Amino acid sequence: MGNSLKAVVAFVPSNKCQKYLLEDLEEMPVDKMVDLSGRQMRRLPVHICSFRELVKLYLSDNNLNHLPPELEQLQNLQILALDFNNFKALPLVVCTLKQLCILYLGNNKLCSLPLELRLLQNLKTLWIESNCLQYLPEVVCELSLLKTLHAGSNALRTLPPQLQCLQELRTIWLSGNLLSEFPPVLLDMPFLEVIDVDRNSIRFFPSLAHLPGLKLVIYDHNPCRNAPKVAKGVRRVGRWSEETPEPRKRSGAVIEIAPDEKPLLPPAAKTEPE
């Protein structure tokens, strides 16, 4: 089915047209997964909500800006991908899916998240990158099992102190924000394994040597004059990392060292729950 034809059909709400978009998907798939990514859909066919044993639902790269209330029937859903759509607000029906482990909300138009998100107490992975967030919603700090948070490419200037309550958090991606200083709350999170603050405006890095769980810190593309100090065995990606020395001061001058190669980015592939 060509994309142009899909785009035309997506405007027509008739059952016949919606069935065409689903490509005759009438019964629950054996693998309990439905992937409707890239179908140019403007609304989710309600028929999908009848697959009550569904575990994975991928709706990425469409034109969705709302979801039907019938989605609440999918109480076994563990993975929901809503990235690359047109959501300006997270539909509250998503917050009724209490078995969700992984939620992809990246590349939308979200400026906030609803308080009802706290109901998703099984959530382990949250991707909210490339939205319009000027602050990290404090409700995220109530997701007690969260292990991975990807909040890159927003407009964050700081992080809430309540973030340290997420004692299961192991990986936090904050690249491409507006951080002018290293978020102090991260210094009180000894369980973190990966910290990415690439492409911000951080001029000075405090020592991270006291974080026993840390394995990787990415700090490249910041206007910093020092590299963060880390414990032995921790990998640094950025200027003056383990491959090159930090600049030496001579008569008040600083010898510049060329930046390293572009750091590794967070994994693009969607992950499965543990």
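Just so it is clear, the structure is predicted and the values come from calculations on it, not from any experiment. (Residues numbered from 1 in each chain as written. Predicted model: local features only at pLDDT ≥ 70, side-chain atom pairs only at ≥ 80, totals over all residues. Heavy atoms only, no water.)

Remarks on the overall build of the chain
The cut-off we apply is this: A run of H or I in DSSP counts as a helix once it spans at least four residues, and a run of E counts as a strand once it spans at least two, with each numbered from the N terminus. Classification of residues uses two cut-offs on accessible area relative to the type maximum, computed with a 1.4 Å probe and protein chains only: under 20% is buried, over 50% is exposed, and between them is partly exposed. Throughout, a contact is declared for two residues whenever any of their heavy atoms are within 4.5 Å. Per-residue and other accessible areas were derived by the Shrake-Rupley procedure at a 1.4 Å probe size, with only the shown protein chains allowed to occlude residues.
Counting its secondary structure elements, the chain contains two helices and 12 strands. Across the chain, helices and strands are ordered from the amino to the carboxyl terminus as α-α-β-β-β-β-β-β-β-β-β-β-β-β. Buried residues in the chain amount to 47% of all 274 residues. In the chain, the proportion of contacts linking residues at least 24 apart, taken out of those at least 6 apart, comes to 27%. Carbon together with sulfur atoms contributes 53% to the accessible area of the chain, which is approximately 13500 Å² in total.

What to know about the sheet that holds strand β7 (residues 171–173)
Put simply, the rule is: In short, DSSP must find at least two bridges between two strands for them to pair. The axes used here are C-alpha line fits, helices contributing only the stretch in contact, and every angle between their N-to-C directions lies in the interval 0 to 180 degrees.
Taking strand neighbours across the sheet as the criterion, the 10 strands line up as β1-β2-β3-β4-β5-β6-β7-β8-β9-β10 in an open arrangement whose pairing is parallel. Only two strands of the sheet have a single neighbouring strand rather than two, namely β1 (33–35) and β10 (235–237). Between one strand axis and the next, the sheet turns by 5° as a mean value, whatever way the strands run. Two elements, strand β9 (residues 216–218) and β10, share three bridges in a ladder whose sense is parallel. Opposite L216, over in β10, you have R235 as the bridge partner.

A look at unusual backbone geometry
A positive phi angle, close to 60°, is found at D61, a residue other than glycine. Within the secondary structure, D61 is located in the loop between β2 (56–58) and β3 (79–81). Residue D61 is classed as partly exposed on the basis of its relative accessible area of 46%. If you check the backbone angles, S153 has positive phi at about 55° while not being a glycine. Tracing the backbone through its elements, the reader meets S153 in the loop between β6 (148–150) and β7.

Brief notes about the nonpolar core
Test applied: For our purposes a nonpolar core is just a set of buried Ala, Val, Leu, Ile, Met, Phe, Trp, Tyr and Cys residues, chained together by side-chain atoms within 4.5 Å. Just so you know, the domain bounds were taken from an automatic or database domain assignment.
Among the nonpolar cores identified, the biggest contains 69 residues, and L163 and L186 are the most heavily contacted of them. For this core, the domains that each give at least three residues are domain 1 (26–108) and domain 2 (133–243).

A word on the environment of N107
Note on placement: N107 falls in the loop between β4 (102–104) and β5 (125–127). As for N107 and S60, which are separated by 47 residues in sequence, their C-alpha atoms are 9.6 Å apart. In this structure, N107 is in contact with F84, N85, E129, S130 and N131, ignoring residues within four places of it in sequence.

Brief notes about the side chain of N62
Its place among the elements puts N62 in the loop between β2 and β3. A relative accessible area of 5% places N62 in the buried class. Each residue touching N62, except ones within four places of it in the same chain, is listed here: L36, S37, G38, R39, Q40, M41, F84 and N85.

A word on the pattern of salt bridges
Our working definition: Whenever Lys or Arg places a side-chain nitrogen within 4 Å of a carboxyl oxygen from Asp or Glu, that contact is recorded as a salt bridge.
In the structure shown here, the tally under the stated rule is three salt bridges. The residue R199 makes a salt bridge to D198 at a minimum N-O spacing of 3.5 Å. The partly exposed category is assigned to R199, whose relative accessible area is 38%.

Section: the packing of aromatic side chains
Heads up, the condition is: When the centres of two rings from Phe, Tyr and Trp lie within 6.5 Å, Trp using its six-membered ring, the rings pair. Their planes under 30 degrees apart give stacked, over 60 give edge-to-face, and anything left gives tilted.
Per the stated rule, a full pass over the model turns up three aromatic pairs. Centre to centre, the rings of Y104 and W127 are 5.7 Å apart; their planes meet at 55°, and the pair counts as tilted. One end of the pair, Y104, is in strand β4; the other, W127, is in strand β5, and 23 residues separate them in sequence. When sorted by exposure, Y104 lands in the same class as W127, which is buried. Members of the aromatic cluster, connected to one another through ring pairs, are F182, F205 and Y219.

As for the environment of I102
By secondary structure assignment, the location of I102 is in strand β4. Counting along the chain gives 46 residues from I102 to T148, while the straight-line C-alpha distance between them is 9.4 Å.

By themselves, these figures tell us nothing about what the structure is for.
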